[in-house]
Amino acid sequence: MGCSPSALLEHIHRDSSASHEKVLSNKIPSTVVVNLQTSTKGQSMKTSIHKDSNRSLLHRKSSLALTPEDEILEINRSPLEGRYGNILPPSKSPIKVLLVFPYSDAVGEVFTLAAEKLCFDATLICTDNEALEQFQSKAHDLVIIDTRSVKGIDFGTLCRSIRNTKGSQHTVIVGVVKKQVFEKDEKVIQGHLESGFNRCIAESSNLTNCVNELTMLKHGDIRPHSQHATCQALYAALDKCKDLVVVTDENYKFQYMNRACEKLLGFRQEDTLGKTLQEQLVSDTVQINTMGSSLLRAREWSGSLTLKKKTQDTIVTSCKAVPFASGGRMPTHFVLVFDTNFLDTNALSQPRGSVSSLRRGSAEVRSVGSDYLRRSSLAKLNALPLEAPITKILTLLDQAKDFSPGNAQVVQLLEKIEETLRTSELYTSHAKDDLKMRTDEPVVSDLITALLSKAPQPSQSSSSRRSSNDSAVYRPTKSTFFRAPSIIRDLLDTCLSWEFDIFRLEELSKKRPLQHLGMSLFLHFDVPNTLLCDEKTLFNWLTVMEANYHSDNSYHNSTHAADVMQATAGFLEKERMKSIMDPIDEATSLIAAATHDVDHPGRSSAFLSNSDSVLAILYNDVTVLESHHAALTFKLTLGDDRINIFKNLDREVYKIARHNVIDMILATEMTKHFEHLAKFVNVFCTRETDQPEGEDYFPLSLPENVTLVKRMMIKCSDVSNPTRPLRLCVEWARRIAEEYFQQTDEEKVKGLPVVMPMFDKNTCSIPKSQIGFVDYIINDMFEAWNAFIDMPELLTHMRQNYIRWKEFDEQGHTTLADIKKLQNTVLMSPIFPKPSKND
Ligand SMILES: Nc1ncnc2c1ncn2[C@@H]1O[C@@H]2COP(=O)(O)O[C@H]2[C@H]1O
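As the structure is a prediction and not an experimental result, all values here were calculated from the model. (Residues numbered from 1 in each chain as written. Predicted model: local features only at pLDDT ≥ 70, side-chain atom pairs only at ≥ 80, totals over all residues. Heavy atoms only, no water.)

## A look at the sheet that holds strand β5 (residues 142–146)
Thinking step 1. Overall, parallel pairing links the five strands, which are arranged β4-β3-β5-β6-β7 in an open sheet. Taken across any chain shown, the strands that pair with only one partner, and hence form the sheet edges, are β4 (121–125) and β7 (199–202). Averaged over all neighbouring strand pairs, the angle between strand axes comes to 20°, with direction disregarded.
Thinking step 2. Of the strands in this sheet, β3 (96–100), β4, β5, β6 (172–177) and β7 touch helix α4 (residues 106–117), which is tilted by about 170° from β3. (Pairing = 2+ DSSP bridges. Helix = DSSP H or I, 4+ residues; strand = E, 2+ residues; numbered from the N terminus. Axes fitted to C-alpha atoms, helices over the stretch in contact; angles between N-to-C directions. Contact = heavy atoms within 4.5 Å.)

See the structure below:
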């Protein structure tokens, strides 16, 4: 059975009282220290009884074996204070007590004296109006009302009035009754309780009696009330925080869910109480079992969990689960904190791997020194929401290693299995290896290899890998053939900057950015030498490729191709890339980037399939567009000697080049996004925490790993627009939205299924679409990529843009017209000022 938040609070309160007798310290070996410490309003009443330790052991009644703690007894009456000292009420302020006695007599006097003796802040009042006024201004912790006579004050009404005052639930109200009433009349006591009194005490004019009564009230009533108040403050904090927080009992039944959780998942707390995590929230059983095995061993667990929303949609989150034992050693509660894995803006200020380092949505954006960010990102990436079966298997193997620490052989075997599973082309390479082992017959080997390989596997040349200390600065290489106008040349001098203004190039080149930028980059990366190809052929090739982009597409035109090529060039300049990419890798990466969307119709593959297009029929609805881009690239290139940039290549090198280009273009297919990301993260981002500083732990040079890097590189280049400076980012978002809207319009006109109904020009919020795009696709991908390539500026722009999209959304700038208006006002300033005539 679940319980309500207040029931849970009661539970916590009961537990904290029950565990008062907690042994805390063993620092003073020869004394027994009994520490009676209260936390309520910080009243610290510490009574230290020092005894000879041998004597105290003699007095020990228990038959239990002695523990080291038996030697020193420091009994802390406030275990919560011990742990959460800062969140309890300020330690200096005394307990405020209101004494309401209509007549002055010995009983009222000794209560006042007793309160003073205990250093309470006492106020003595004789009328009910004054009492109420006092209470309303001071909100006392304790109110003692003389109820011995009905003549003096209407104590029932007074008590109810106090109870009607806001905040009085944390006040203890006590009625002083006549001794004989206390001893003989249950009904009077009952009536008092119904009026809102917490308890009654018998009149007494004995000072010790009164001191004892007040002391007991302090420990038994006031203190729990103030703990309760602190718990309420904690609930308020939980309800304000952005992480999703869930508390369950030891059977994973919900006990509490915070507002962020309710809001994101669409449940109300009441709907979930008493149901289990699996029933209500988490859909992946394997993960929940893994989590359970850690929690039951009282270990914290971090990992990814897929949460079900009320709408039955799912979202993937990273979760930190913490066991909590309210008594005894076994966990009684589990606290789950989910991060929906968006923005990691606090990464620098938080300890590595902490839940708070996974926080999203802070208003603060840091431009960061990369290393710490890279490392904390890696910690996060290990908990990425990547649910490939291989990820699960690797996690399970890790746990199996945990279970068999004493058995080196088992651990070694498990590590070998992990190593094998981490390779990207699982089936292909294993089959080949096995085959080599079992057969000497080349014909059988060829046959099986051909059958198992998805495409002809070229032999990889490794001879031409370069040293890694090349300059990252753009080296304008003089062309013997091509000379652009000076204004374009000036702009192209900045073409390796992440802030490069591609739209300015589009404008200056009269929509021929690919030709100009492509030529500059080919020269910078020495492509003519690599391909043994003259500049004229390269220039012709760029011209033809550019001509095969549809200039009337608002997004998928040659400016997008140039943009992707520019991003790829920026990545190729990074040290880590230089150390693994050979000249053919570089040249083919640039070629793939330039052609990756050639002849894009401005409609998605789904649209082409739905409309029975020639391309969808040709490619059987599978990877339609990307297959077309790759095929057309080669059809055009090989179809005319004047543009055949591969014509001088040796056949084997050509096969490598062709394989690279096709593989990279096909990797841009978004339906395989998580597969590519998972493979990349599995190989490059899973071992960081175990690895000694500075060691290169992944075998980068393995051809299959270089392939993973190249795929990730073109994918990141393809969708890099949210990580560009704001002005560029907004323009790309406008363009893609416009293209999506046109597709929706056409689908409606032609009566086709509407692939993205939300992209309706009349209703769509462009900022929201961008926020979602970053949340679900871009953020994790670029964190992983930055962890590898070390370009923190990508994340800085992404986070700044994200915050601006949120602002635009909140300010109601949602439609195409709104965005255009913003572009003509607040977003006017160019990234690079237009060069003046003197330049
Ligand atoms: N800023 C963006 N907002 C929404 N979708 C985008 C954005 N940038 C790229 N995309 C999508 O990501 C896809 C990547 O592959 P394509 O270029 O074929 O098509 C692209 C768009 O559909």
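Having put the structure on the table, let's press on.
## Considering the packing of helix α5 (residues 128–138) against helix α6 (residues 155–163)
Thinking step 1. It is the contact of α5 with α6, at a shortest axis distance of 10 Å, that shows an interaxial angle of 15°. Our classification of the angle between α5 and α6 gives roughly parallel. The crossing of α5 and α6 is right-handed. Touching D128, A131, L132 and F135 of α5 are L158, S161 and I162, all from α6. (Parallel < 35°, antiparallel > 145°, perpendicular 65-115°, else oblique. Left-handed = near helix turned anticlockwise from the far one by under 90°.)

## A word on the pattern of salt bridges
Thinking step 1. Taken as a whole and judged by the stated rule, the model has 28 salt bridges.
Thinking step 2. Taking the shortest distance from any N to any O, the salt bridge between R504 and E507 comes out at 3.6 Å. Taken together, the positions of R504 and E507, both in helix α20 (residues 502–508) and three residues apart, correspond to about one turn of that helix.
Thinking step 3. Owing to a relative accessible area of 10%, R504 belongs among the buried residues under this scheme.
Thinking step 4. Residue E507 is classed as partly exposed on the basis of its relative accessible area, which comes to 48%.
Thinking step 5. Measuring nitrogen to oxygen at the nearest pair gives 3.2 Å for the salt bridge that ties R799 to E783. (Salt bridge = Lys/Arg side-chain N within 4 Å of Asp/Glu carboxyl O. Buried < 20%, exposed > 50% of the residue type's maximum accessible area, 1.4 Å probe, protein only.)

## With respect to helix α15 (residues 389–403)
Thinking step 1. Over its 15 residues, α15 runs 21 Å from end to end, which matches the ideal 21 Å to within 8%, given 1.5 Å per residue.
Thinking step 2. Of the residues making up α15, those classed as buried are I390, T391, L394, L397, Q399 and K401. (Expected span 1.5 Å × (residues − 1).)

## Focus: the environment of G156
Thinking step 1. Structurally, G156 can be placed in helix α6.
Thinking step 2. Since its relative accessible area comes to 11%, G156 is described here as buried.
Thinking step 3. For G156 and H192, which are 36 residues apart along the polypeptide, the C-alpha to C-alpha distance reads 7.2 Å.

## Observations regarding the site of the ligand
Thinking step 1. The ligand sits among Y555, H556, H560, D597, M670, D718, V719, N721, I736, Y740, Q770 and F773.
Thinking step 2. H556 is positioned with one of its side-chain polar atoms (N or O) 2.8 Å from an oxygen atom of the ligand.
Thinking step 3. Taking 460 Å² as the accessible area of the ligand by itself, protein coverage stands at 89%.
Thinking step 4. At the level of secondary structure, the elements contributing two or more residues to the shell around the ligand comprise α33 (726–750) and α34 (766–789).
Thinking step 5. For the shell around the ligand, the residue count by class is six nonpolar, four polar and two charged.
Thinking step 6. No fewer than three residues from each of domain 3 (457–668) and domain 4 (719–839) sit in the shell around the ligand. (Near = heavy atom within 4 Å. Polar contact = N/O pair within 3.5 Å; in protein donor to acceptor, adjacent residues only side chain to side chain. Areas by Shrake-Rupley, 256 points an atom, 1.4 Å probe, with all protein chains shown as cover. Nonpolar A, V, L, I, M, F, W, Y, C, P; charged D, E, K, R; others polar. Domains from an automatic or database assignment.)

## Looking at the packing of aromatic side chains
Thinking step 1. Following the criterion strictly, the structure yields 19 aromatic pairs and no others.
Thinking step 2. Ring centres of Y740 and F759 lie 4.6 Å apart, and the angle between their planes is 65°; on these two criteria the pair is classed as edge-to-face. Here Y740 is found in helix α33, whereas its partner F759 is found in the loop between α33 and α34, with 19 residues between them in sequence.
Thinking step 3. Classification of Y740 as partly exposed rests on a relative accessible area of 27%. (Phe/Tyr/Trp six-rings, centres within 6.5 Å; stacked < 30°, edge-to-face > 60°.)

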